[in-house]
Amino acid sequence: MLPTPSAVICANCGARIETTGSGEIGCLGCLLQAGLEREGEVGPAEVPETLGTYRIERHDDGTPWELGRGAMGVTYRAQDISLERAVALKLIGPEFCQRGAEARERFVREARAAASLHHPHVAAIYQFGIDEDSGHCFSAMELIEGETLDQLVRRTGPLDVLTVIEIARQIVSALIAAGKGGIVHRDLKPANVMVAGTDEAGKVTIKVIDFGLAKALSENEETRALTGGGFLGTPAFASPEQLRRVKVDVRSDIYSLGATLWFLLTGHTPFGDAAPARPPEEQLKSAHVPKRLVTLLLAMLAPEPAARPSAREIEARLAPPPLRRAGWKSIVTGASVCLLALGGAAYFFSQSHPPPADPAILPRSIAVLPFQNLNGDPGSANFVDGVQDELLTDLARVAQLKVVNRDSVATYKHGLPRDLRAISRELGVAFLVEGSVRQAAGTVHMNAQLTDARTGVLRWSQNYDRPVTEVFAIQSEIAQAVAAQLGAKIAPPEKARIETPPTPDLTAFSLYNRAKVLLIATSFNPRGKANFMEAAQLLGEAVARDPNFLLAWCELASAHDSLYFLGLDRTSLRLSLGEDAIKTALQLQPDSGEAHLARARHLYQCYLAYEPALNELEIARRTLPNHVGVFTLAGYLYRRQGKWEESNNAFTNALALDPRNTSVLQQVAISYNLQRRYQDAGNILDQALRLTPENIDLRAARAEVEFNWHADTRPLHQLASAILARNPAAAPDLAGLSLILGFCERDPVATKNAIVALGDGIFGPDAMQFRHFFWEGLAARMDGDTDAAERAFTAARAEQARKVEAAPDFAPALCILGLIDAGLGHKADAIREGRRAVEMLPISREPINGAHMVEFLAMIYAWSGEPSPACVELEKATKLPGTLSYGQLRLSPMWDDLRGHTRFKKIVASLAPDDNR
């Protein structure tokens, strides 16, 4: 029998140190193991042939087939004679079992509890038993053909962060399941976690072994322990309360998990030999462990159980913000943006810019290039584009594929030279699909071919000649054939969605595609309302032809919601039209990812309900694993919550699926601009311009960076002059840019021309959209023409009052009314309306437009002859993320009323770039 140790100190395994009465020095677990081996209680010579219905397998030389040994016994490979299956049989020494009837009963009771745990990441326990002949307790468990994490780390060295995070997620899910049954492991460590397999993408699957065995063999706080009152476990991974031999719960397993993850990341236990008061963080830093993960590990290793996070909290913290559950792949492995959408590690890895456009290429990554229009006529182009887009959509439904989205492939038009290997590198994909389409006399001819772009080898090709009504069936067949060629398994729900045509009505499909082009191309430009209205009309015709056309209902909701959100038609009718479209879509297909994505957008744009919208996005993501819109909307949502890092990570995940999508790059730049990180914004826009050098929106955005940053209007002026000289008809599209120039350069002729170009359009920051009457009033105010200013502001007020009456809860509309009243000299009304707008839309609810409320309240005070409160509000606004900039304060006539005030000059100087201070 082992001597009882006294609680002193350990040196054998590098953890808790104990001494025994015989003078031996070592942790109790090590001493226990040494005792087992020394006494030969479970040594090979004493191993019985059978235990119950289990026969222990042996090598050719007759020695038992040992799988591993530890403090609680030795595990052998065995055969279940009755069920004819291989098992892992742990043979427990008699000193643990020959302790009387009470201890034996407790062993069986705890064993039954442990055996009740069924979980994909827990090795199943088939039986606990006591062999009456030999006195051995034994445990028959699921046989895992693999190695332990301890063996893996000792063989290969520390594991990469992504692998460790995936392992952590699986173990935490097992702890949560165990906690529901009141089961505590008590000996969680790398040697008790098996690597059950690794898939083609390198993702490991693990299984925890020996769940509940330590409790079955250790102290019952109310009765004498089977081990004589000692701790049974592995001290290097045991919690402080275990070493103190007090009652433990699941928080002890949390500590052990933290120590296990530390070992996997560094190859060391967190406390080593010296048992410091705090784990050495430098080990994690040397292993390049992200700061967020370091913080989580330190919390798990807190000395006091109450300070440790729960298993549920760890599960939440391991999930990334883009959708709280999206993509674990990250630049930490040397892979780039294409990997981010496939797991969730983006949460742990902060970065200033999206990764470079040279991503590591996954074997199951693919892009569908624009198809060739064999008819040649422009009228067929819409149909051909729709065919390609729907094929891409079908492939994107397969979770085992990484599919690049439409914006990134749109630039590779058929007819232009295609270097497939170069395209592969640019898009970060291994395979490319090309094709052609011809319509004639009610039939459609399609060709599709799959090429391994890395080698140039044609992997698959097929021609189809069918009635045109079968075009969607052809797309489905192509998608499934391509997935099969890439070795991707299509889950039954994915297959059902792929095989379901969007609509049997090809005319409705054509209307839908025309509307989609309008919606995609429309941004914050003066013609936005007209485009949204036209799209809504086309989609209305589509659903009238086919009331079951789900995708059309979703896009129709988007058109209505955009009109409402941007204040272009913020009426109860527009809101109800969006509501009805969402409701219809969900009634048609309650589990549709597109319907839940549309509902997420609706909750965001119409109600500013960010968390419910994120919940809808998570539902959408389950069936839309490759949909860039899921991630971009997450980026918008997090940005509206003021969660800048999470927003940037979401946009980065979007770029993983759409690496050449300049709109997403522009959104990243917008986020930097709102944070006044102008250098970063400029760098991102430069990156986007390298992809599309002639993109007018990007060139204007890049020029605006210099205006905001350095109060320099020259880049904007040069751009506008160059565009208008080449194409005077572009004036309406440049009206907003021209207004900035006209006012800030104090050019009355240019200002007047810009207002004429604006026409019935609108211009302003975010929801603060002003019509031409307001700009006419500002121009007259700038010129000192009080009569003209009053006429224009009076007309503007009548129009704005109607908007406020139609949408009394829309703070931006009320704020604009307040500014107009300030221009008319209605001081009391103006200040009341401005203050009310701030109350209606506080920063806590919506940081971007909320900041505009504060900014424009400052302007209302300034126009009302109240410079002191104006500067108070303005100082608040400059400390908030937003569009308010050095360039605006320095040059815009909207701030002329404060120019002579010292406090205002200090505020302007506080925003100046370093070289201007």
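Rules used throughout
- Residues numbered from 1 in each chain as written.
- Predicted model: local features only at pLDDT ≥ 70, side-chain atom pairs only at ≥ 80, totals over all residues.
- Heavy atoms only, no water.
- Axes fitted to C-alpha atoms, helices over the stretch in contact; angles between N-to-C directions.
- Helix = DSSP H or I, 4+ residues; strand = E, 2+ residues; numbered from the N terminus.
- Parallel < 35°, antiparallel > 145°, perpendicular 65-115°, else oblique.
- Left-handed = near helix turned anticlockwise from the far one by under 90°.
- Contact = heavy atoms within 4.5 Å.
- pLDDT = per-residue confidence, 0-100.
- Buried < 20%, exposed > 50% of the residue type's maximum accessible area, 1.4 Å probe, protein only.
- Pairing = 2+ DSSP bridges.
- Phe/Tyr/Trp six-rings, centres within 6.5 Å; stacked < 30°, edge-to-face > 60°.
- Lys NZ or Arg CZ within 6 Å of the ring centre and 35° of its normal.
- Salt bridge = Lys/Arg side-chain N within 4 Å of Asp/Glu carboxyl O.
- Expected span 1.5 Å × (residues − 1).
- Polar contact = N/O pair within 3.5 Å; in protein donor to acceptor, adjacent residues only side chain to side chain.

1. Structural notes on the packing of helix α22 (residues 628–640) against helix α23 (residues 644–657)
Moving on, step 1. At a minimum axis distance of 8 Å, the contact between α22 and α23 shows a crossing angle of 165°. On the basis of their axis angle, the class for α22 and α23 is roughly antiparallel. Considering only the axes of α22 and α23, their crossing is left-handed. Residues V628, F631, T632, A634, G635, Y636, Y638 and R639 of α22 form the contact with α23, whose own contacting residues are W644, E646, S647, A650, F651, N653, A654 and L657.

2. Focus on the confidence of the model for the protein chain
Should the pLDDT be low somewhere, the predicted coordinates at that spot are not to be read in detail.
Moving on, step 1. Per-residue confidence for the protein chain gives a mean pLDDT of 82; residues scoring 70 or more make up 83%.
Moving on, step 2. Taken as a whole, residues 1–45 scores under 50 in pLDDT and shows 97 contacts with residues more than four places along the chain or in a different chain.
Moving on, step 3. Taken together, the stretch residues 349–359 has pLDDT below 50 and engages in 39 contacts with residues farther than four places along the chain or on a different chain.

3. A short note on unusual backbone geometry
Moving on, step 1. Here R186, not a glycine, exhibits a phi torsion of approximately 75°, which is positive.
Moving on, step 2. Structurally, R186 can be placed in the loop between α4 (161–180) and β10 (193–198).
Moving on, step 3. Positive phi, close to 55°, is recorded for R746, a residue that is not glycine.
Moving on, step 4. With respect to the helices and strands, the residue R746 is situated in the loop between α28 (735–744) and α29 (748–758).

4. Observations regarding the pairing of strand β15 (residues 431–440)
Side-chain direction in a regular strand flips from residue to residue, so the side chains alternate between the two faces of the sheet.
Moving on, step 1. Of all the 10 residues making up β15, seven are buried; the element is thus mostly covered by neighbouring parts of the structure.
Moving on, step 2. Pairing between strand β12 (residues 365–368) and β15: three bridges, direction parallel. In the sheet register, A367 faces β15, and the bridge partner there is L432.
Moving on, step 3. Bridge count between strand β13 (residues 372–373) and β15: two bridges; the pairing is parallel. Bridge pairing in β15 places Q372 opposite S436.

5. Side note on the packing of aromatic side chains
Moving on, step 1. As enumerated under the stated definition, the model contains 18 aromatic pairs in all.
Moving on, step 2. Measuring from ring centre to ring centre gives 6.3 Å for Y604 and Y610, while their planes differ by 45°; the resulting arrangement is tilted.
Moving on, step 3. On the accessibility criterion, Y604 (5% relative accessible area) is buried.
Moving on, step 4. Classification of Y610 by relative accessible area gives buried; the value is 8%.
Moving on, step 5. Taking 5.8 Å as the distance between ring centres and 65° as the angle between the ring planes, the aromatic pair formed by Y636 and F651 counts as edge-to-face. On the criterion of sequence distance, the pair formed by Y636 in helix α22 and F651 in helix α23 is long-range, its members being 15 residues apart.
Moving on, step 6. Taking relative accessible area as the criterion, Y636 reaches 25% and is therefore assigned partly exposed.
Moving on, step 7. Among the aromatic side chains, those forming a connected cluster through ring pairs are F743, F763, F770, F774, W775, F793, F856 and W863.
Moving on, step 8. Over the face of the ring belonging to W65 we find R77, whose NZ or CZ atom lies 4.8 Å from the ring centre.
Moving on, step 9. Positioned over the ring face of Y126 is R85, at 3.6 Å from the centre of the ring.

6. A closer look at the side chain of S892
Moving on, step 1. For S892, the location among the structural elements is in the loop between α36 (886–891) and α37 (902–911).
Moving on, step 2. If we ignore the near neighbours within four places in the chain, the residues touching S892 are C744, R746, G887 and R899.

7. Digging into the pattern of salt bridges
Moving on, step 1. Taken as a whole and assessed by the stated rule, the structure comprises 47 salt bridges.
Moving on, step 2. In this structure, D896 and R746 form a salt bridge, with 2.7 Å as the shortest nitrogen-oxygen distance. A residue pair is termed long-range when its members are at least 10 positions apart, and D896 in the loop between α36 and α37 and R746 in the loop between α28 and α29 qualify at 150 residues.
Moving on, step 3. Residue D896 is classed as partly exposed on the basis of its relative accessible area, which comes to 29%.
Moving on, step 4. One network of salt bridges, with partners in common, ties together R797, D821, D829, R832 and E833.

8. Description of α4
Moving on, step 1. Over its 20 residues, α4 runs 29 Å from end to end, which matches the ideal 28 Å to within 8%, given 1.5 Å per residue.
Moving on, step 2. With 15 of 20 residues buried, α4 lies mostly within the body of the structure.
Moving on, step 3. Two or three places before L162, at the start of α4, stands the capping residue D160, its side-chain oxygen 3.1 Å from that residue's backbone nitrogen.

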